Amino acid sequence: MAKETEKKATSKKTKKPNKIATWFKGFWSEVKRIVWPDGKTVLRNTVIVIIVVAIAAAVIYLFDQGMSLGLKGVKKLAGDTTTTAAQESAEGQASEKALTTITGAEAETETSAAE
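Model, not experiment: these values are computed from the prediction. (Residues numbered from 1 in each chain as written. Predicted model: local features only at pLDDT ≥ 70, side-chain atom pairs only at ≥ 80, totals over all residues. Heavy atoms only, no water.)

Undergrad: Tell me about the overall build of the chain, and name the residues and values.
TA: A tally of regular secondary structure across the chain gives four helices and zero strands. The linear arrangement of helices and strands in the chain, starting from the amino end, is α-α-α-α. The 115 residues of the chain split such that 0% are buried. Of the roughly 11,100 Å² of accessible surface on the chain, a fraction of 66% belongs to carbon and sulfur atoms. (Helix = DSSP H or I, 4+ residues; strand = E, 2+ residues; numbered from the N terminus. Buried < 20%, exposed > 50% of the residue type's maximum accessible area, 1.4 Å probe, protein only. Areas by Shrake-Rupley, 256 points an atom, 1.4 Å probe, with all protein chains shown as cover.)

Structure (structure tokens):
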């Protein structure tokens, strides 16, 4: 009978604690240590973040505009031999109108010559 009591005692000692329960105990003990800031501090930090974001946006915008103007100046100095798709389309439409006008004039000339 002494051996049975000894076995029960050792089995209770070797029983592993529940990992999930242990995790939650640690979790709640850490949550209790959190110090939440007051509303005034949150508002002040929010304003600071908004100001920093606005300044960063302005700097990026100014840099972008400067680079754009610089590239336009370089293209102007190079003679700007490239054309945009809109310019090509406008030139194509103008040449089609000119062709139609010439063809119409030739047709009138041919009909008047045939008479």
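Undergrad: So what about the packing of aromatic side chains? Which residues, and what values?
TA: Within the structure shown, the criterion is met by three aromatic pairs. Between Trp 23 and Phe 24, the aromatic rings sit 4.9 Å apart at their centres with planes inclined by 80°, giving edge-to-face as the arrangement. For the pair Trp 23 and Phe 27, a centre-to-centre distance of 5.3 Å together with 10° between the ring planes defines the contact as stacked. Taken together, the positions of Trp 23 and Phe 27, both in helix 2 (residues 19-32) and four residues apart, correspond to about one turn of that helix. Site record: aromatic cluster; members linked through ring pairs are Trp 23, Phe 24, Phe 27 and Trp 28. (Phe/Tyr/Trp six-rings, centres within 6.5 Å; stacked < 30°, edge-to-face > 60°.)

Undergrad: Give a detailed account of a nonpolar patch on the surface, specifying residues and quantitative values.
TA: Among the surface-exposed residues, Ile 20, Trp 23, Phe 24, Phe 27 and Trp 28 lie close enough to one another that they form a single nonpolar patch of about 580 Å² accessible area. Residue classification places Phe 27 among the partly exposed positions, given a relative accessible area of 36%. (Patch = residues over 30% accessible without salt bridge, like charges linked within 9 Å, V, L, I, M, F, W, Y side chains within 5 Å. Salt bridge = Lys/Arg side-chain N within 4 Å of Asp/Glu carboxyl O.)

Undergrad: If you had to explain the confidence of the model for the chain to someone new, which residues and values would you point to?
TA: For the chain, the average pLDDT comes to 79, and 58% of its residues sit at 70 or higher. Confidence scores differ between elements of the chain, with helix 1 (residues 2-13) showing the lowest mean pLDDT of 57 and helix 3 (residues 39-78) the highest of 96. (pLDDT = per-residue confidence, 0-100.)

Undergrad: Can you tell me about the pattern of salt bridges, naming the residues and giving the values?
TA: The final tally for this structure, using the stated rule, is one salt bridge. Put simply, Arg 33 and Glu 30 hold a salt bridge, and the shortest N to O gap is 3.2 Å. Classification of Arg 33 by relative accessible area gives exposed; the value is 59%. By relative accessible area, which is 45% here, Glu 30 ends up partly exposed.

Undergrad: So what's going on with helix 2? Residues and values would help.
TA: In this model, helix 2 (14 residues) spans 20 Å end to end at C-alpha, consistent with the 20 Å of a helix rising 1.5 Å per residue. Taking the backbone nitrogen of Ile 20 as reference, a side-chain oxygen 3.3 Å away marks Asn 18 as the first, capping residue of helix 2. (Expected span 1.5 Å × (residues − 1). Polar contact = N/O pair within 3.5 Å; in protein donor to acceptor, adjacent residues only side chain to side chain.)

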